[in-house]
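Here are the chains, one letter per residue:
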Amino acid sequence: MKNPAAKIDIVRGDITIVDVEAIVNAANTTLLGGGGVDGAIHRAAGPELVAECRMLGGCQPGEAKLTRGYRLPARFVVHTVGPVWMGGKRGESRTLANCYRNSLGLAVEKGIKTIAFPAISCGAYGYPISEATQIAVETTREFLATNDEIDKVIFVLWSEDIYDAYRRLL
Ligand code: AR6
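As the structure is a prediction and not an experimental result, all values here were calculated from the model.

**Focus: the side chain of T133**
Relative to the helices and strands, T133 is located in helix α4 (residues 129–146). Once you skip the residues sitting within four places of it in the chain, T133 turns out to touch A165, Y166 and L169.

**Quick notes on the packing of helix α3 (residues 92–109) against α4**
Contact geometry of α3 with α4 gives a least axis separation of 9 Å together with a crossing angle of 40 degrees. Crossing of α3 over α4 shows right-handed handedness. Residues S93, L96, A97, Y100, R101, L104, G105 and V108 of α3 form the contact with α4, whose own contacting residues are A132, I135, A136, T139, T140 and F143. Counted by class, the contact of α3 with α4 contains nine nonpolar, four polar and one charged residues.

**Description of the pattern of salt bridges**
Opposite charge on two side chains permits them to pair, given that their charged atoms come into close proximity. All told, the structure shown has five salt bridges when counted by the stated rule. Here R71 ties to E48 by a salt bridge, and the two come within 3.6 Å at their closest N and O atoms. Of this pair, R71 sits in the loop between β3 (64–68) and β4 (76–81) while E48 sits in helix α2 (residues 48–54), and the two are 23 residues apart along the sequence. Look at R71 and you get exposed, because its relative accessible area is 57%.

**Side note on the sheet that holds β3**
If you trace the six strands from one edge of the open sheet to the other, you get β1-β6-β5-β2-β4-β3, paired in mixed fashion. Each of the sheet's edge strands pairs with one partner strand only, and the pair in question is β1 (8–12) and β3. Pairwise comparison of adjacent strand axes, ignoring direction, gives a mean angle of 25 degrees for this sheet. Judged from the five bridges that link them, β3 and β4 form a sheet pairing that is antiparallel.

**Side note on the environment of I120**
Looking at where I120 falls in the secondary structure, it is placed in the loop between β5 (114–117) and α4. Classification of I120 as buried rests on a relative accessible area of 1%. Considering only alpha carbons, one finds I120 and T80, 40 residues apart in sequence, at a separation of 8.5 Å. Among all residues touching I120, those that are not within four sequence positions of it are V24, A26, T80, G82, L96, C99 and Y100.

Reading guide: rules and limits
Residues numbered from 1 in each chain as written. Predicted model: local features only at pLDDT ≥ 70, side-chain atom pairs only at ≥ 80, totals over all residues. Heavy atoms only, no water. Helix = DSSP H or I, 4+ residues; strand = E, 2+ residues; numbered from the N terminus. Contact = heavy atoms within 4.5 Å. Axes fitted to C-alpha atoms, helices over the stretch in contact; angles between N-to-C directions. Left-handed = near helix turned anticlockwise from the far one by under 90°. Nonpolar A, V, L, I, M, F, W, Y, C, P; charged D, E, K, R; others polar. Salt bridge = Lys/Arg side-chain N within 4 Å of Asp/Glu carboxyl O. Buried < 20%, exposed > 50% of the residue type's maximum accessible area, 1.4 Å probe, protein only. Pairing = 2+ DSSP bridges.

Okay, structure coming up:
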């Protein structure tokens, strides 16, 4: 098995232009769009994306659902819903870990080998950056250590402070 750490990359920038098979959307439970990375993904994918999302019946925090990518370079979008930060005693860390695990699990199920994640919950949902970064990296490493099907996971970070937090861990 390839060294799992070698399968993880970080880049700064816009996830909607990344050339991977699937990008992950930090959505809300309606899956009908919003601001932040969700808004950017819907704008770049075009109106067909929300039309497909309407058929999915929403998504619970920590779960993941798949759509096509339409006008995105990515063929698929994995929609997941991060936890809203409420101080840390409402199971937020478990929910956030589930986002990464379930998104990667869905990718494996669909034969997707390259996938990009934004910093789920680190914007509007207010998760503290260093804690969220640690969960993202640890959960992904654990997943890759026991699943050989994924070739590449790219964390695409919009802001410099979040990019630096990932760089410190990787
Ligand atoms: N590419 C990569 N990362 C981005 C991009 C982009 N184009 N745009 C923003 N980010 P947020 P959340 C970063 O708020 O905290 C939405 O309205 C952003 O700087 O998008 O999970 C949904 O509909 C931040 O670091 O997601 C939900 O209602 C990170 O992506 C709610 O926000 C996540 O910020 C979800 O909140």
